[in-house]
Amino acid sequence: MPIRFRWSSKEYLPIALMLFGVCGLFQTLFVFIAQYFLGVGNYIVVILIPIGATIALFFGVVLIYESFIQVEKRRKLRTQFIKSRGTSSRIRSFLMFPIVRPIIIVFPIFAAIFFATYGVCLYFLDKIMSFIVAENLATLISLLVANYIEKKYAKVQKF
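The paragraphs below set out a description of the structure included in this document.

## Side note on the overall build of the protein chain
At step 1: Summing up its helical and strand segments, the protein chain has five helices and zero strands in all.
At step 2: Across the protein chain, the fraction of contacts at a sequence separation of at least 24, relative to all contacts at a separation of at least 6, is 80%.
At step 3: Accessible surface, the protein chain as shown: approximately 10,400 Å² in total, 69% of it carbon and sulfur.

## Concerning the side chain of Ser130
At step 1: Here Ser130 lies in helix H5 (residues 127–152).
At step 2: Residues contacting Ser130, with those up to four places away along its chain left out, are Tyr118, Cys121, Leu122 and Leu125.

## Side note on the nonpolar core
At step 1: By size, the foremost hydrophobic cluster in this structure holds 36 residues, and its most contacted members are Leu19 and Phe114.
At step 2: Breaking this core down by element, the ones donating at least two residues are helix H1 (13–37), helix H2 (43–78), helix H4 (100–124) and H5.
At step 3: Counting residues per element, this core draws most heavily on H2, which supplies 11 residues.
At step 4: When residues no more than four places from it in sequence are discounted, the contact partners of Leu19 are Phe58, Val61, Val62, Tyr65, Ile99 and Ile103.

## Observations concerning the packing of aromatic side chains
At step 1: One pass over the structure, following the stated rule, counts 13 aromatic pairs.
At step 2: A connected cluster of aromatic rings, assembled from ring pairs, spans Phe26, Phe30, Phe107, Phe110, Phe114, Phe115, Tyr118 and Phe131.
At step 3: For the cation-ring pair, Arg101 lies above Phe68, with the distance from its terminal atom to the ring centre recorded as 3.8 Å.

## Thoughts on the environment of Cys121
At step 1: By the element assignment, Cys121 lies in helix H4.
At step 2: By relative accessible area, which is 12% here, Cys121 ends up buried.
At step 3: Considered as a pair, Cys121 and Ala134 are 13 residues apart in the sequence and their alpha carbons are 7.7 Å apart.
At step 4: Sequence-distant contacts of Cys121, that is, excluding residues within four places in its chain, are made with Ser130 and Val133.

## Quick notes on H4
At step 1: Relative to the 36 Å expected for 25 residues at 1.5 Å per residue, H4 spans 37 Å between its end C-alpha atoms, a close match to the ideal helical length.
At step 2: Residues Val100, Arg101, Pro102, Ile103, Val106, Phe107, Phe110, Ala111, Phe114, Thr117, Tyr118 and Cys121 constitute the buried set of H4.

Conventions and cut-offs
- Residues numbered from 1 in each chain as written.
- Predicted model: local features only at pLDDT ≥ 70, side-chain atom pairs only at ≥ 80, totals over all residues.
- Heavy atoms only, no water.
- Helix = DSSP H or I, 4+ residues; strand = E, 2+ residues; numbered from the N terminus.
- Contact = heavy atoms within 4.5 Å.
- Areas by Shrake-Rupley, 256 points an atom, 1.4 Å probe, with all protein chains shown as cover.
- Core = buried A, V, L, I, M, F, W, Y, C linked by side-chain atoms within 4.5 Å.
- Buried < 20%, exposed > 50% of the residue type's maximum accessible area, 1.4 Å probe, protein only.
- Phe/Tyr/Trp six-rings, centres within 6.5 Å; stacked < 30°, edge-to-face > 60°.
- Lys NZ or Arg CZ within 6 Å of the ring centre and 35° of its normal.
- Expected span 1.5 Å × (residues − 1).

Spelled out as structure tokens, the structure:
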């Protein structure tokens, strides 16, 4: 049975806002890159497309977060009486933190697909259309990866 959080409850709302804020900051970085380094000059495109991408990336990050939490809860139920091994390094504990792991998975995939697609589309289209195609394709592939992780890692079966 998949775990579904009520994101509007007072327990999970701060987590949802943190994840949404990180997705918004990431898209703000891409707006900055598009405006100043890639030369996309259309303000409407540079603002409206990343808003939709922010919402889609937030959904993907939430999917991965829920699947990691589900696996972690399942692991704790199975091994609740086993003695812990000890402490791990700070970097490992930071990278394994449930809020950081989905972000580390989704954002590099998005960035790699975005720049690769933008580079290819720049040969065939102008800068604005290349940005639109690259942003949408990177968002779509990020959502597909999030869905794949949810299905294969957590083995979530929705009814």
